[in-house]
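Single-letter residue listing:
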Amino acid sequence: MPYDRGVTFRNIWAAAVSLHGPAGCTASQVTPPSHGTKKMPFTRPAYSTLLLRLRPLGLCISIACGSAYSATPSPELPAATPVESHETAPQDGHEWGYTGPGGTDHWADLAKENELCRKGQQNSPVDLENPIRAELGPLRLDYRAVPLAVRNTGHSIQVDLPGGGGMRVGGRQYEALQIHFHHPSEHLLNGRRFPMEAHIVHKGPDGTLGVLAIFFETGTPNRAFQRVLDAMPHKAGQTRPVEKATVRGSDFLPVQKDLAFYRYEGSLTTPPCTETVDWVVLSQPLQVSAAQIDAFEQVYPFNARPLQELHRRFLLKSR
């Protein structure tokens, strides 16, 4: 249906029902006004923002109007309590992990704060398949060198990046907190699982998180990853500073100048599975050697959460 600034709510309702069925758009979601066919003005929000922020009402209206326009402004991401790490400490004395009694199937049972791990509708990771192509704007990554100190959190190997620059995407600025690694990859790319995945975790001014995910594939060695592996503590809770060595987030980015990427709203992939994460996943993987993957596997054979359902969310990909 072409966009018409004079489209009425009655026309929207009729089109929504014809396209989506009465069960998909109920009268409680889209109710015609009592004043008849008075024309209502429409605003045209940014396409990528609309798709990321749609809720049931917006979904029905956007379907009726060609999936590109909404009668109401899209809501912003909710504010959240600042989260300093993608990994969380044990809760109520119960240690979580990836297998066994504290494994992924039992996270919600370990503490009531983990309820979203079972009941959440915007959990991560997901399979990056059938995305919607959209104008997402530029992805700006500006990282600075910081002293290298490698920490074993008990759930991953992590390098803190205080003052190490950040990421700007969708008009939001996020400051880098840390980078950590998963074996195998948590996200899938069109059904393909990679040997590893890195997460550069950032925090926005309102406390929400922006996580940049990079797939690792087998190929040539990566010098920065080797420095991390050489200093990697084998015992949980240990941190090993590396004298006169630095690291920056860009050390773990593919060499391509123009990076294609996916975006979606999701959650932490660890307890408490908080659903305040703006995910940016690069489609181009970074090459590391088979020996480097094996070295990480000696410490963390498996630290990846299973796939979660996409549900009503939109998965967007840059053009």
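Located above this text is the structure these notes cover.
The structure displayed is predicted, hence computed values, not measured ones. (Residues numbered from 1 in each chain as written. Predicted model: local features only at pLDDT ≥ 70, side-chain atom pairs only at ≥ 80, totals over all residues. Heavy atoms only, no water.)

Participant: Can you lay out the overall build of the protein for me, pointing to particular residues and giving the numbers?
Facilitator: When you go through the protein residue by residue, the secondary structure sums to 7 helices and 15 strands. Evaluated residue by residue, the protein yields a buried proportion of 52% over its 319 residues. In the protein, the proportion of contacts linking residues at least 24 apart, taken out of those at least 6 apart, comes to 70%. (Helix = DSSP H or I, 4+ residues; strand = E, 2+ residues; numbered from the N terminus. Buried < 20%, exposed > 50% of the residue type's maximum accessible area, 1.4 Å probe, protein only. Contact = heavy atoms within 4.5 Å.)

Participant: Residues and numbers for the pattern of salt bridges, please.
Facilitator: The final tally for this structure, using the stated rule, is 8 salt bridges. Across the pair Glu135 and Arg319 runs a salt bridge, and its minimum N-O distance is 3.2 Å. Of this pair, Glu135 sits in the loop between strand E2 (132-134) and strand E3 (140-143) while Arg319 is found in the segment after strand E15 (316-318), placing the two residues 184 residues apart along the sequence. Residue Glu135 shares its accessibility class with Arg319, and that shared class is exposed. As a salt-bridge pair, Asp278 and Arg263 come within 2.7 Å of each other at their nearest N and O atoms. In this pair, Asp278 sits in strand E13 (residues 277-282) while Arg263 sits in strand E12 (residues 261-266), placing the two residues 15 residues apart along the sequence. Residue classification places Arg263 among the buried positions, given a relative accessible area of 4%. (Salt bridge = Lys/Arg side-chain N within 4 Å of Asp/Glu carboxyl O.)

Participant: Any chance you could break down the state of the cysteines for me, citing the residues and the numbers?
Facilitator: Per the stated rule, a full pass over the model turns up 1 disulfide. Here Cys117 is linked by a disulfide to Cys273, with a sulfur-sulfur distance of 2.1 Å. Torsion about the S-S bond of the Cys117 and Cys273 cystine: about 95°, corresponding to right-handed handedness. With Cys117 in helix H5 (residues 116-119) and Cys273 in the loop between E12 and E13, this pair connects stretches of sequence that are 156 residues apart. Note on accessibility: Cys117 and Cys273 belong to one class, buried. (Disulfide = S-S within 2.5 Å.)

Participant: For the environment of Pro162, give the residues involved together with the corresponding values.
Facilitator: Along the chain, Pro162 turns up in the loop between strand E5 (157-160) and strand E6 (165-169). You can call Pro162 exposed: its relative accessible area is 59%. Residues Pro162 and Leu177, spaced 15 residues apart in sequence, show a C-alpha to C-alpha distance of 5.8 Å. When residues no more than four places from it in sequence are discounted, the contact partners of Pro162 are Val146 and Leu177.

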